[in-house]
Amino acid sequence: MNKEKEIVLRIEDVHKSFGENHVLRGVSMGIRRGETKILIGPSGTGKSTLLTCINMLTPPDAGKIWLLEDEITGSKRVNLLRQKIGFVFQDFSLFNHLTALGNVSIGLTKVKGMDRKKARKKALEELKQVGLEEKASSYPAQLSGGQKQRVAIARALAMDPQLILFDEPTSALDPELIGEVLGVMKKLANQGMTMLVVSHEMGFARSVADEVIFMEGGVIVEQGPPAQLFSSPKVERTGQFLSRLSGLFGEEGEK
Amino acid sequence: MTFWQVIQQSWSPMLDGLQVTMQLTLLSIVFGLALGLFLALGKVYGWKPLRWFCTAFIEIIRGTPLLVQIFIIYFGLPPYGIRLSPLEAAVIAFSINSGAYQAEYLRGAIQSIPSGQMQAALSMGMTPWQGVISIIMPQALRRVIPPWTNEFIYLLKYTSLAYIIGTPELMAQARFVASRNYEYFQTYLFAALIYLSIVLVFSEFFGWVERKFRIPGFEFHK
Ligand SMILES: Nc1ncnc2c1ncn2[C@@H]1O[C@H](COP(=O)(O)OP(=O)(O)O)[C@@H](O)[C@H]1O
Ligand SMILES: [Mg+2]
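Worth saying up front: this structure is predicted, and the values here are computed from it rather than measured.

Asks: Explain the overall build of chain B residue by residue, including any values.
Replies: Helix and strand counts for chain B come out as eight helices and zero strands. For chain B, the residues scored as buried account for 46% of the 222 residues in total. Put simply, 76% of the contacts in chain B that link residues at least 6 apart link residues at least 24 apart. As presented, chain B carries roughly 11600 Å² of accessible surface, and 67% of it is formed by carbon and sulfur atoms. Across chain B, 15 positive and 10 negative side-chain charges occur, with their mean positions spaced 9 Å apart.

Asks: An account of helix 5 (residues 145-158) of chain A is needed here, citing residue identities and associated values.
Replies: All names here are of chain A. With 14 residues, helix 5 extends 20 Å from end C-alpha to end C-alpha; this agrees with the ideal 20 Å at 1.5 Å per step. Counting buried residues along helix 5, 13 of its 14 residues qualify, which places the element largely inside the surrounding structure. Two residues or fewer after helix 5 comes Asp-160, characterised by a positive phi angle close to 50°.

Asks: Would you mind going over the sheet that holds strand 8 (residues 195-198) of chain A in detail, with residue names and values included?
Replies: Residue and element names in this part refer to chain A. Overall, mixed pairing links the six strands, which are arranged 6-7-8-3-9-10 in an open sheet. Edge positions in the open sheet fall to strand 6 (85-88) and strand 10 (219-224), since each of these has one partner strand only. The sheet shows a mean angle of 20° between the axes of neighbouring strands, taken without regard to direction. As defined by bridge partners, strand 3 (residues 36-40) adjoins strand 9 (residues 211-216) across four bridges and the pair is classed as parallel. Within strand 9, the residue paired with Leu-39 across the bridge is Ile-213. Where helix 6 (residues 175-190) meets the sheet, it contacts strand 3, strand 7 (163-167) and strand 8, and its direction lies at approximately 150° from that of strand 8.

Asks: Got a sec to walk through the side chain of Ser199(A)? Specific residues and values, please.
Replies: All names here are of chain A. When you line up the elements, Ser-199 lands in the loop between strand 8 and helix 7 (202-208). Here the side chain of Ser-199 touches Glu-201 through a polar contact of 3.1 Å, landing on its backbone nitrogen. Beyond its immediate chain neighbours, meaning those up to four positions away, Ser-199 contacts Ile-38, Leu-39 and Ile-40.

Asks: Tell me about the nonpolar core, residues and numbers included.
Replies: Core analysis: the largest hydrophobic core is formed by 133 residues, its most contacted members being Leu127(A), Ile153(A) and Phe166(A). Residues in contact with Phe166(A), not counting those within four places in the same chain, are Leu51(A), Val88(A), Ile153(A), Met185(A), Leu188(A), Met195(A), Leu196(A), Val197(A) and Val198(A).

Asks: Go over the site of ligand 1, please, and point to the residues and values.
Replies: Residues and elements named next belong to chain A. Around ligand 1, the surrounding shell consists of Phe-18, Asn-21, Val-23, Pro-42, Ser-43, Gly-44, Thr-45, Gly-46, Lys-47, Ser-48 and Thr-49. The separation between an oxygen atom of ligand 1 and a polar main-chain atom of Gly-44 is 2.7 Å. Residue Lys-47 places a main-chain N or O atom 2.8 Å away from an oxygen atom belonging to ligand 1. Breaking the shell around ligand 1 down by element, the ones donating at least two residues are strand 2 (21-32) and helix 1 (47-54). In terms of residue class, the shell around ligand 1 is made up of three nonpolar, seven polar and one charged.

Asks: Kindly report on the sheet that holds strand 1 (residues 7-18) of chain A, identifying the contributing residues and their values.
Replies: Residue and element names in this part refer to chain A. The strand order across the open sheet formed by four strands is 2-1-4-5, and the pairing between neighbours is antiparallel. Among the strands making up the open sheet, the edge pair consists of strand 2 and strand 5 (70-71). Pairing geometry for strand 4 (residues 62-67) and strand 5, over two bridges, is antiparallel. Looking across to strand 5, one finds that Leu-67 is bridged to Asp-70. Each of strand 1, strand 2 and strand 4 touches helix 1; the most contacted strand, strand 1, lies at about 120° to it.

Asks: I'd like a rundown of the interface of chain A and chain B, residues and numbers included.
Replies: In this complex, chain A contributes 23 residues to the contact, which on the side of chain B involves 21 residues. Per-residue buried area on chain A facing chain B is highest for Phe95(A), Asn96(A) and His97(A); these three make up 32% of the total on that side. Mapped by element, the contributors of at least two residues to the side of chain A that touches chain B are helix 2 (78-82), strand 6 and helix 3 (100-111) of chain A. Take the side of chain A that touches chain B: its biggest share by element is five residues, from helix 3 of chain A. Broken down by class, the residue content of the side of chain A that touches chain B amounts to eleven nonpolar, nine polar and three charged.

Asks: Quick one: what's the story with unusual backbone geometry, residue by residue and with numbers?
Replies: Residue and element names in this part refer to chain A. Its identity is not glycine, yet Asp-13 carries a phi of approximately 55°, on the positive side. Following the sequence through the fold, Asp-13 ends up in strand 1. Of note, Glu-168 is a non-glycine position whose phi angle comes to about 45°, a positive value. Looking at where Glu-168 falls in the secondary structure, it is placed in the loop between strand 7 and helix 6.

Asks: Explain the side chain of Thr238(A) to me, using residue names and the numbers behind them.
Replies: Residue position: Thr238(A) is located in helix 9 (residues 236-249). Dropping the residues within four chain positions of it, Thr238(A) is found in contact with Phe214(A), Val221(A), Glu222(A), Leu229(A) and Pro233(A).

Asks: How would you explain the confidence of the model for chain B if you had to name every residue and give the values?
Replies: Taken over all residues, the pLDDT of chain B has a mean of 95, while the share at 70 or more is 99%. Predicted as a complex, the structure gets a pTM of 0.91 and an ipTM equal to 0.93.

Asks: Could you give an account of the packing of helix 4 (residues 86-112) of chain B against helix 6 (residues 128-158) of chain B, with specific residues and numbers?
Replies: Residues and elements named next belong to chain B. Their axes nearest at 8 Å, the elements helix 4 and helix 6 cross at an angle of 150°. Put simply, helix 4 runs roughly antiparallel to helix 6. In this structure, the crossing between helix 4 and helix 6 has a hand that is right-handed. Touching Phe-94, Ser-98, Tyr-101, Gln-102, Tyr-105, Leu-106, Ala-109, Ile-110 and Ser-112 of helix 4 are Ile-136, Met-137, Ala-140, Leu-141, Arg-143, Val-144, Pro-147, Trp-148, Glu-151, Leu-155 and Tyr-158, all from helix 6. Among the residues forming the contact of helix 4 with helix 6, the class breakdown is 15 nonpolar, three polar and two charged.

Calculation rules
- Each chain has its residues counted from 1, following the order in which its sequence is written.
- Lettering of chains starts at A and numbering of ligands starts at 1, both following the order in which they are written.
- It should be noted that, the model being predicted, local features are given only for residues of pLDDT at least 70 and side-chain atom pairs only at 80 or more, the latter also being counted only at that level, while totals for whole chains, interfaces and linings use all residues.
- Neither water nor hydrogens contribute to the side-chain values; these are computed over all heavy atoms in the structure.
- The helix count covers DSSP runs of H or I at least four residues long, the strand count covers runs of E at least two residues long, and both are numbered beginning at the N terminus.
- Each residue is assigned to one of three classes by its accessible area relative to the maximum for its type, calculated with a 1.4 Å probe on protein chains only: buried under 20%, partly exposed between the two thresholds, exposed over 50%.
- In what follows, a contact means two residues having at least one pair of non-hydrogen atoms within 4.5 Å.
- Per-residue and other accessible areas follow the Shrake-Rupley method at a 1.4 Å probe size, with only the shown protein chains counted as cover for residues.
- Positive charges come from Lys and Arg, negative ones from Asp and Glu, while His and the chain ends are left out of the count.
- Working definition for charges: the position is that of NZ of Lys, CZ of Arg, CG of Asp or CD of Glu.
- By this rule, a helix spans an expected 1.5 Å times one less than how many residues it contains.
- Strand pairing requires that DSSP identify at least two bridges connecting the strands.
- Interaxial angle, 0 to 180 degrees, is taken between N-to-C directions of lines fitted to C-alpha atoms, where a helix line uses only the stretch in contact.
- Any pair of nitrogen or oxygen atoms within 3.5 Å is treated as a polar contact; in protein, a donor-acceptor pairing is required on top of that, and neighbouring residues in sequence qualify only through side-chain atoms on both sides.
- The set of buried Ala, Val, Leu, Ile, Met, Phe, Trp, Tyr and Cys residues whose side-chain atoms join them within 4.5 Å is what this entry labels a nonpolar core.
- Throughout, near means a residue has at least one heavy atom within 4 Å of the molecule or strand.
- Residues are grouped as follows: Ala, Val, Leu, Ile, Met, Phe, Trp, Tyr, Cys and Pro are nonpolar; Asp, Glu, Lys and Arg are charged; every other residue, Gly included, is polar.
- Two parts placed together each lose some accessible area under a 1.4 Å probe, and the buried area is that loss summed for both.
- Within a predicted model, pLDDT stands for the predictor's per-residue confidence, ranging from 0 to 100.
- Note on terminology: angles under 35 degrees are roughly parallel, angles over 145 are roughly antiparallel, angles of 65 to 115 are roughly perpendicular, and the others are oblique.
- Crossing handedness is defined as follows: a turn of the near helix away from the far one that is anticlockwise and smaller than a right angle gives a left-handed crossing, while the clockwise case is right-handed.

As structure tokens, this is what we get:
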């Protein structure tokens, strides 16, 4: 369906070790414009490491990563490429000393050099996009977890990224707050944002993912459309992992 | 003499002394802050040689008596052609000494900011330096106000050591007054009360600053 769209992110044989711990053992994948891919796998498998390799917060030991035409690995000015890759953290990591508006606009003023007035206007638009324009002057400590994560998404959106990486965006949230964050992410996916999401929200994966990627032991074990992967996985391990997920959390399992 | 008479007779030289004390304190705390910022940032973010230099500097200053440092600067440097007035020597000694202590408070504050803050700053395309200036320091400086207030109060009181090299600050003036009126107890009590009131004024002031810059809803957890 998306075959004719350009490839936004390409990862080729990425390896990463921490000391003796060989975490990523040759990961390759690609994402085309407008696709949403969901990354699943047991804890400690290297999902977060893979995401931070993509924006070079964790430089890989070997392998190459491209964002459109630019090779991220080996780039001298990584910060210029990072602007184009949004990152949403499990623990939100909002800037504690700034209001919601300040969190969203600081990248525009400091990184993009936009003037304050324009940045403010754009930041308000992004907050509106996640349904939080009335919280613009609240500080992170005055927001619920779900609101914090929506501000974090607005902060990523403000930079007009080519791609947004989400690292378990709902797993630090109380169950009743998960829906509002997934709702925003669903909207983004439908608007054509390119997204790579680590998440075990199976319902979400089923409704928005173009592809689900199962990772274990530092390699991609299996990948495919959610309908196929969830109902008839080709690899035994995938099936075991999925049944453990739904066994733990029910059909619409959540982690 | 009654205490009141001592005050009436000595307030003028004592206030001169207070003025020098305040000069000493304010200059030293400001220079010390600049030095402390450099040392703290160097120790946390610097490349290895700078980190070692900052660590060694801080440890040497904190590991040796303040009085020895004052004597080295005032009595030890003239043979090498560096002649300083008592006030200059005292300001330099106190700035260096306070800088080392301020550096440690600042380092603690910087390192208490969760690492995710810097990760988030870098992820949006900030340079490490932008992350330090725009994200880490605004939080660390708020965090450092209480220990920094203590350092200010210590420094204010320690400036009394400068009387030894002849700086005409409050303690030196009190000694001078007492050597004339022989009312040691009352004269030094007067000096003590002046120190105490200045300490209280500044504690209040920095408490106000801390409250003013407090982040709404946010409590630093130790
Ligand atoms: N900065 C680091 N230093 C050392 N080890 C790390 C670091 N980050 C991750 N690891 C290790 O890498 C492995 C994979 O971690 P991670 O990528 O967080 O897995 P996941 O996100 O799939 O749960 C774990 O064994 C973890 O302990
Ligand atoms: Mg993880």
